Amino acid sequence: MRKKITKVLLSLMVALVCMCNCSINVFAEPDSFMTKEEVMEKYSVDTGNTQADELFNTFLEHASIMASEDYDYFIDYYEILASYYQERYVDYCNGTVEEWESKEGFEQFLWDVLYVSPKQVITDYSYDKVLASFQ
């Protein structure tokens, strides 16, 4: 179990080092940038669960900066490592590559951070082992 976590973490660190040391030019479409207001209008939720809605919308408000031009390199990360994130989405969400590719970069970020990654941890590891360090 520790070996698997270590392997995943090392793989991510190697990918980040490679990205930092490589000169990669990625150009986002100018229309793909959104303002905080546009993000909130497009992605905010109202499910009737006041507490959950408030929590998600607060996260969304703070994360909305990721959809701006200043953070385009961060969202492009999901496009650069597309096969890795597609594979995780397909494996852990029973989705398809086409569904993943139809999502905008910011939407992929939201899916990965809020659903795919937590589901991967819950699926691959026991609750006790994952949360033991927080006790």
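Scroll up to find the structure.
Residues numbered from 1 in each chain as written. Predicted model: local features only at pLDDT ≥ 70, side-chain atom pairs only at ≥ 80, totals over all residues. Heavy atoms only, no water.

K.L.:
Explain the nonpolar core to me, using residue names and the numbers behind them.
P.N.:
One broad trend across soluble globular proteins is that nonpolar side chains are buried collectively. Judged by nonpolar contacts, Met34, Val39, Met40, Tyr43, Leu60, Ala63, Met66, Ala67, Ile75, Phe106, Phe109 and Leu110 together constitute the single largest core of 12 residues. Of all elements in the fold, only helix H2 (36–43), helix H3 (50–63) and helix H7 (105–124) reach the threshold of two or more residues within this core. Once residues lying within four places of it in the same chain are set aside, the contact partners of methionine 40 are Asn57, Leu60 and Glu61. (Core = buried A, V, L, I, M, F, W, Y, C linked by side-chain atoms within 4.5 Å. Buried < 20%, exposed > 50% of the residue type's maximum accessible area, 1.4 Å probe, protein only. Helix = DSSP H or I, 4+ residues; strand = E, 2+ residues; numbered from the N terminus. Contact = heavy atoms within 4.5 Å.)

K.L.:
Pulling in residues and values, what's your account of the environment of glutamate 38?
P.N.:
Its place among the elements puts glutamate 38 in helix H2. By relative accessible area, glutamate 38 is classed as partly exposed at 39%. In this structure, the C-alpha to C-alpha distance between glutamate 38 and serine 64, residues 26 residues apart in sequence, is 8.9 Å. Looking at glutamate 38, its side chain comes within polar contact range of the main-chain nitrogen of threonine 35, at 2.8 Å. (Polar contact = N/O pair within 3.5 Å; in protein donor to acceptor, adjacent residues only side chain to side chain.)

K.L.:
If you had to explain helix H5 (residues 82–93) to someone new, which residues and values would you point to?
P.N.:
Between the first and last C-alpha of H5 there are 16 Å, a value that for 12 residues agrees with the 16 Å anticipated at 1.5 Å per step. Taken together, the buried positions of H5 are occupied by Tyr85, Gln86, Arg88, Tyr89, Tyr92 and Cys93. Looking straight down H5, one finds its buried side chains confined to an arc of 160°; they lie on one side. Set apart from the buried face of H5 by more than 90 degrees, the exposed residues are Ser83 and Glu87. Directly beyond the C-terminal end of H5, a positive phi value near 55° is found at asparagine 94. (Expected span 1.5 Å × (residues − 1). Arc of directions from axis to C-beta.)

K.L.:
Can you tell me about the side chain of serine 64, naming the residues and giving the values?
P.N.:
Considering the arrangement of structural elements, one finds serine 64 in the loop between H3 and helix H4 (72–80). Excluding residues within four positions of it along the chain, serine 64 makes contact with Lys36, Val39 and Phe106.

K.L.:
Break down the packing of aromatic side chains for me, citing the residues and quoting the values.
P.N.:
Using the criterion set out here, one finds 6 aromatic pairs in the structure. Relative to tyrosine 85, the ring of tyrosine 84 has its centre 5.0 Å away and its plane inclined at 80°; by these criteria the two rings are edge-to-face. Given a relative accessible area of 5%, tyrosine 85 falls into the buried group. Measuring from ring centre to ring centre gives 5.5 Å for tyrosine 89 and tryptophan 111, while their planes differ by 85°; the resulting arrangement is edge-to-face. Taken as a pair, tyrosine 89 in helix H5 and tryptophan 111 in helix H7 lie far apart in primary sequence, 22 residues in all. Tyrosine 89 sits in the buried class, given a relative accessible area of 4%. Connected via pairs of aromatic rings, a cluster forms that spans Tyr89, Trp100, Trp111 and Tyr115. (Phe/Tyr/Trp six-rings, centres within 6.5 Å; stacked < 30°, edge-to-face > 60°.)

K.L.:
Tell me about the packing of H3 against H7, and name the residues and values.
P.N.:
H7 packs onto H3 with a crossing angle of 130° between their chain directions and a minimal axis gap of 12 Å. Overall, the two elements H3 and H7 adopt an arrangement that is oblique. By crossing handedness, the relation of H3 to H7 is classed as right-handed. Of the residues in H7, those in contact with Phe56, Phe59, Leu60 and Ala63 of H3 are Phe106, Phe109, Leu110, Val113 and Leu114. In the contact of H3 with H7, the residues fall into 9 nonpolar, no polar and no charged. (Axes fitted to C-alpha atoms, helices over the stretch in contact; angles between N-to-C directions. Parallel < 35°, antiparallel > 145°, perpendicular 65-115°, else oblique. Left-handed = near helix turned anticlockwise from the far one by under 90°. Nonpolar A, V, L, I, M, F, W, Y, C, P; charged D, E, K, R; others polar.)

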